[in-house]
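Structural overview
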Amino acid sequence: MGSASSSSRLFGTLAQSLSSAPLAHTHVDADDLESEQADPDLLLRECEDVLRNRPPRLHRDFIRTRTSSPQNPAIRVMQWNILAQALGEGKDGFVRCPLEALNWAERKYLILEEILTYRPDIVCLQEVDHYFDTFQPVLASLGYQSSFCPKPCSPCLDVHNNNGPDGCALFFSRERFQLLATNHLRLSAMMLKTNQVAIVATLRCRATGQVFCVAVTHLKARSGWESLRSAQGSYLLQNLCSITSPPNPELEEAREESEVGEGLPLLVCGDFNAEPGEEVYRRFEASPLGLDSAYKHLSADGRTEPPYTSWKIRPSGESCVTLDYIWYSTRRFNVDAVLQLPNEEQIGPDRLPSYHYPSDHLSLVCDLSFSHQPHRLQ
């Protein structure tokens, strides 16, 4: 744990912008980087201090569905499209959000405050265009290992004074998990490569010895592209089927521990840009991987998605839709708790983003535990 001075030094670097040209990295894994460790409580207080003139963060409670055991501790997972800074300021047209509210000097603290508030073990982010100068160094100081995969032709690059391409980023706790493998995918549709990507990490839980996979993705946006999204989802599912049961000697032991006919347990987090009735959603729901959406647990019947995960006002009108999901292997994970979504009054008449919330998408956070355990590693 770091001292107050080390935390301040760390956050002091966040006030600096990259002075170099946009970064041209394709796939980056921060596997072996060492960084000075920071105290998350001190960093959270520093966020709150910087944001003291803004409205307080949205209050959200966890709805607990079951109790996990100390021998099988819950894994807290966060899924969040954080809104690329270049797109928020230069392209997305949030007509009810003052430009001042999107100022990166403060908005980055709102994003970090959200992560620090819930302390997830795994963080899956989309629209990340400040990975190298903000999220990788700060989260590394908090004990996270990470991987970043930018879009090949990011729309951020069309914005003046951009900070490089946006993409998907996956972070996980070094203390809780060991990285076994990482796959970066450029999603294809009908044999054609698209501008969307995914990261798949194979992890071993240090507490239980259980090996599992977690994926993060961001599918094509906007209406009229439903067929493309469906094809992207099909391509991703095919790759996930292969990755979760690969002919890989390193993972042979984990495969033997899996139930007959099943691959490794799987989590898939993403902004699918698709509502529950869309074909790509149905593909995931009916997949042979045996997936279901964790946020259905908020509904009374346990079968219905929340009414929205994104609520914004653009020149074309108001949009209140469910686009974001945490999919999990139903036979391999239990959902122990789900973070409630804020109500309409909390969000406010100007919707999202706003002075009190940094993105047009709400974060999804849930606690999951393994439904059964392999033999514990000695």
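None of these values were measured; they are calculated from a predicted model. (Residues numbered from 1 in each chain as written. Predicted model: local features only at pLDDT ≥ 70, side-chain atom pairs only at ≥ 80, totals over all residues. Heavy atoms only, no water.)

**Describing the overall build of the protein chain**
- Assigned secondary structure in the protein chain consists of nine helices and 16 strands.
- By the burial criterion, 58% of the 378 residues in the protein chain qualify as buried.
- Considering only contacts within the protein chain whose residues lie at least 6 apart along the sequence, 78% involve residues at least 24 apart. (Helix = DSSP H or I, 4+ residues; strand = E, 2+ residues; numbered from the N terminus. Buried < 20%, exposed > 50% of the residue type's maximum accessible area, 1.4 Å probe, protein only. Contact = heavy atoms within 4.5 Å.)

**Brief notes about unusual backbone geometry**
- Residue P353 is bonded to the preceding L352 through a cis peptide linkage, with omega at -5°.
- Mapped onto the elements of the fold, P353 is located in the loop between α9 (344–347) and β16 (364–370).
- Phi at E127 takes a positive value of approximately 55°, unusual for a residue other than glycine.
- Looking at the element boundaries, E127 is found in strand β4 (residues 122–128).

**So, the packing of aromatic side chains**
- Per the stated rule, a full pass over the model turns up 19 aromatic pairs.
- Between F177 and F212, the aromatic rings sit 5.6 Å apart at their centres with planes inclined by 75°, giving edge-to-face as the arrangement. Separated by 35 residues along the polypeptide, F177 in strand β7 (residues 177–189) and F212 in strand β9 (residues 211–218) bring together distant segments of the chain. Grouping residues by exposure puts F177 and F212 together as buried. (Phe/Tyr/Trp six-rings, centres within 6.5 Å; stacked < 30°, edge-to-face > 60°.)

**A word on the pattern of salt bridges**
- With the rule as written, the count across this model stands at 21 salt bridges.
- Its salt-bridge partner being R119, residue D41 comes within 2.8 Å of it at the nearest N-O pair. Taken together, the residues D41 in helix α2 (residues 40–50) and R119 in the loop between α4 (104–118) and β4 connect sequence positions 78 residues apart.
- Salt-bridge contacts for R229 lead to E278; the nearest nitrogen and oxygen are separated by 2.7 Å. Separated by 49 residues along the polypeptide, R229 in helix α6 (residues 226–244) and E278 in the loop between β10 (266–271) and α8 (279–285) bring together distant segments of the chain. With respect to class, R229 is no different from E278; both count as buried.
- Beyond isolated ion pairs, a larger network of salt bridges with shared partners links E48, R57 and E113. (Salt bridge = Lys/Arg side-chain N within 4 Å of Asp/Glu carboxyl O.)

**Quick word on the sheet that holds β10**
- Spatial ordering of the open sheet is given by β7-β8-β9-β10-β14-β11, a layout of six strands whose pairing is mixed. Each having just a single partner strand, β7 and β11 (291–293) make up the two edges of the open sheet. Each strand axis lies, on average, 20° off the axis of its neighbour in the sheet, ignoring direction.
- Bridge count between β10 and strand β14 (residues 324–329): five bridges; the pairing is antiparallel. Residue pairing in the sheet places L267 in a bridge with Y328 of β14.
- This element, α6, spans β7, β8 (192–205), β9, β10 and β11 of the sheet and lies at about 145° to β7. (Pairing = 2+ DSSP bridges. Axes fitted to C-alpha atoms, helices over the stretch in contact; angles between N-to-C directions.)

**Focus: the nonpolar core**
- One finds I122, F171 and F212 to be the most contacted residues of the largest nonpolar core, which totals 68 residues.
- The element best represented in this core is α4, accounting for eight residues.
- In contact with F171, not counting residues within four places along its chain, are D121, I122, V123, L125, Y131, F135, Q136, L139, Y144, Q145 and S146.
- One finds L185, V200, L219 and F284 within the second-largest nonpolar core, a separate group that totals 25 residues. (Core = buried A, V, L, I, M, F, W, Y, C linked by side-chain atoms within 4.5 Å.)

**Some thoughts on the packing of α4 against helix α5 (residues 131–141)**
- Taken N-terminus to C-terminus, the directions of α4 and α5 make an angle of 40°; their axes are 12 Å apart at the nearest point. Every pair of crossing elements has a handedness; the one defined by α4 and α5 is right-handed. Each of W104, I111, L112 and I115 in α4 lies in contact with α5, whose residues at this interface are T134, F135, V138 and L139.
- Classifying every residue of the contact of α4 with α5 gives seven nonpolar, one polar and no charged. (Left-handed = near helix turned anticlockwise from the far one by under 90°. Nonpolar A, V, L, I, M, F, W, Y, C, P; charged D, E, K, R; others polar.)

**What about α2?**
- All of the buried residues in α2 are P40, L42, L43, L44, E46 and C47.
- By the N-cap criterion, in which a side-chain oxygen at the helix start approaches the backbone nitrogen of a residue two or three places on, α2 is capped by D39, the distance to D41 being 2.9 Å. (Polar contact = N/O pair within 3.5 Å; in protein donor to acceptor, adjacent residues only side chain to side chain.)

**A word on the confidence of the model for the protein chain**
- Residues with a pLDDT of 70 or more make up 85% of the protein chain, whose mean pLDDT is 89.
- Mean pLDDT across the secondary structure elements of the protein chain bottoms out at helix α1 (residues 4–12), with 46, and peaks at β4, with 99.
- This stretch, residues 1–10, has a pLDDT under 50; its non-local contacts, to residues over four places away or in other chains, come to 23 contacts. (pLDDT = per-residue confidence, 0-100.)

**Considerations on the packing of α2 against α4**
- Between α2 and α4, the least distance of the axes is 9 Å, while the angle of their chain directions is 140°. Overall, the two elements α2 and α4 adopt an arrangement that is oblique. Here α2 and α4 pass one another in a crossing that is left-handed. For the pair formed by α2 and α4, the contact residues are P40, L43, L44, C47, E48 and V50 on the first element and E106, Y109, L112, E113, L116 and T117 on the second. (Parallel < 35°, antiparallel > 145°, perpendicular 65-115°, else oblique.)

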